[in-house]
Amino acid sequence: MKRFVLLALISVLSLSSCGIIAQRTWDAGQLVAAASNAMTAMTLSDQDIIQLSQQTVTQLDAQNTIDNGTYAKRLAGIMKGINEVEGLKLNYKVYRTQEVNAFACGDGSIRVYSGLMDVMDDSEIMAIIGHEIGHVVHQDTKNALKNAYLAAAARNVAGAAGGVIGTIAQSAAGGLAEAFLSSQFSQKQEFAADEYGYQFSTSHGRSPYSMYNALAKLLTLSSGSQASLVQKMFSSHPDTATRAERMKIKADLAIKK
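Residues numbered from 1 in each chain as written. Predicted model: local features only at pLDDT ≥ 70, side-chain atom pairs only at ≥ 80, totals over all residues. Heavy atoms only, no water.

1. Structural notes on the pattern of salt bridges
Here comes step 1: Scanning the model with the defined rule gives 10 salt bridges in all.
Here comes step 2: The salt bridge involving Asp-194 is made with Arg-243; its shortest N-O contact spans 2.7 Å. Of this pair, Asp-194 sits in helix 10 (residues 187–203) while Arg-243 sits in helix 13 (residues 240–256); the two residues are 49 residues apart in sequence, bridging distant segments of the chain.
Here comes step 3: Given the relative accessible area of 0%, Asp-194 is considered buried.
Here comes step 4: The exposure class of Arg-243 is buried, given its relative accessible area of 1%.
Here comes step 5: Here Asp-252 and Lys-248 are joined by a salt bridge, their closest N and O atoms 3.1 Å apart. With Asp-252 and Lys-248 both in helix 13 and 4 residues apart, the pair spans about one turn of that helix.
Here comes step 6: Lys-248 sits in the partly exposed class, given a relative accessible area of 29%.
Here comes step 7: Residues participating in the shared-partner salt-bridge network are Asp-61, Lys-93 and Arg-111. (Salt bridge = Lys/Arg side-chain N within 4 Å of Asp/Glu carboxyl O. Helix = DSSP H or I, 4+ residues; strand = E, 2+ residues; numbered from the N terminus. Buried < 20%, exposed > 50% of the residue type's maximum accessible area, 1.4 Å probe, protein only.)

Pasting the structure below:
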């Protein structure tokens, strides 16, 4: 660990000699924090993911208004009896916001935005939740948290610089929660999560078209009057048209059998 921190510090300081970062006063404590974050990102264990997820969700829960009424009851009905997936214990909450979004964390926390529930039926919501659980099961979430830690390390390096640049970097540094929500997945990861969402919803008695309908609805909303409300979810889930078509073909084949 100490050797890694030393090497990381040498790497950061060497940027100055290369002319990339020049004529700045560095804060040694922040440089050590940057190296420590980078090391943490490279060695996150499953237990670390659970702990980080709990911290992230706690922060997000505090930042959002949690529904305990109609939305919460509806979500409980949709997910009734589904308390564990592949050894992961699930817990559910609804954020009251017009934004159309949902996410799952490595500790089994499922968060659904009321805006999503306003535009989707129960089967589509289950498919979306299955999709998000798929990202956890496939360890996409673990990689997202690694990237968030690396981003934190980069902010610490920037914040270690003296003067105006350092001040701006420190004041604008986002939290791990925001970095996690802003994470993006590859097309391959999205395809795999769609497949998981399809299997998840159909295995609980939902229509084979649930995943397709959900994606098609997101695609329509992204180009309509509610585009701003789905921007975050849509931007982090690329190639939605292609993905929707794949799910439609899969549903068509299932119906024909």
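There is more to say after this.
2. Brief notes about the pairing of strand 5 (residues 109–113)
Here comes step 1: Across the 5 residues that make up strand 5, a large majority, 5, are buried.
Here comes step 2: Neither face of strand 5 is left uncovered, since the one carrying Ser-109, Arg-111 and Tyr-113 and the one carrying Ile-110 and Val-112 both have all their residues buried.
Here comes step 3: The turn linking strand 4 (residues 102–104) back onto strand 5 is made up of 4 residues, and Gly-108 within it adopts a positive phi angle of 95°. (Pairing = 2+ DSSP bridges.)

3. Some points on the sheet that holds strand 4
Here comes step 1: The 3 strands lie next to each other as 3-5-4, forming an open sheet whose pairing is mixed. Since the sheet does not close on itself, it has two edges, and those belong to strand 3 (91–95) and strand 4, each with one partner. If you compare each strand with its neighbour and ignore which way they point, the axes differ by 15° on average.
Here comes step 2: Two elements, strand 4 and strand 5, share 3 bridges in a ladder whose sense is antiparallel. Bridging from a neighbouring strand, Ala-102 pairs with Val-112 of strand 5. (Axes fitted to C-alpha atoms, helices over the stretch in contact; angles between N-to-C directions.)

4. Points about the packing of helix 4 (residues 70–78) against helix 6 (residues 122–137)
Here comes step 1: Interhelical geometry of helix 4 versus helix 6 gives an angle of 75° and a closest axis separation of 10 Å. By the angle class used here, helix 4 and helix 6 are roughly perpendicular. The residues of helix 6 that touch helix 4, namely those facing Arg-74, Leu-75 and Ile-78, are Asp-122, Ile-125, Met-126 and Ile-129.
Here comes step 2: Partitioning the contact of helix 4 with helix 6 into residue classes produces 5 nonpolar, no polar and 2 charged. (Parallel < 35°, antiparallel > 145°, perpendicular 65-115°, else oblique. Contact = heavy atoms within 4.5 Å. Nonpolar A, V, L, I, M, F, W, Y, C, P; charged D, E, K, R; others polar.)

5. Some details on the packing of aromatic side chains
Here comes step 1: All chains considered together, the criterion is met by 3 aromatic pairs.
Here comes step 2: With centroids separated by 6.3 Å and ring planes inclined at 55°, the aromatic side chains of Tyr-95 and Phe-103 adopt a geometry described as tilted. Just as Tyr-95 is buried, Phe-103 falls in that class too.
Here comes step 3: With a centroid separation of 6.4 Å and an interplanar angle of 80°, the aromatic rings of Phe-103 and Tyr-113 are classed as edge-to-face. You can see Phe-103 sitting in strand 4 and its partner Tyr-113 sitting in strand 5, a full 10 residues away along the chain. The same class applies to Phe-103 as to Tyr-113, namely buried.
Here comes step 4: Members of the aromatic cluster, joined through ring pairs, are Tyr-95, Phe-103 and Tyr-113.
Here comes step 5: Over the aromatic face of Phe-191 sits the side chain of Arg-246, whose NZ or CZ is 4.1 Å from the ring centroid.
Here comes step 6: Between Lys-250 and the ring centre of Tyr-198, over which it is positioned, the NZ or CZ distance is 5.0 Å. (Phe/Tyr/Trp six-rings, centres within 6.5 Å; stacked < 30°, edge-to-face > 60°. Lys NZ or Arg CZ within 6 Å of the ring centre and 35° of its normal.)

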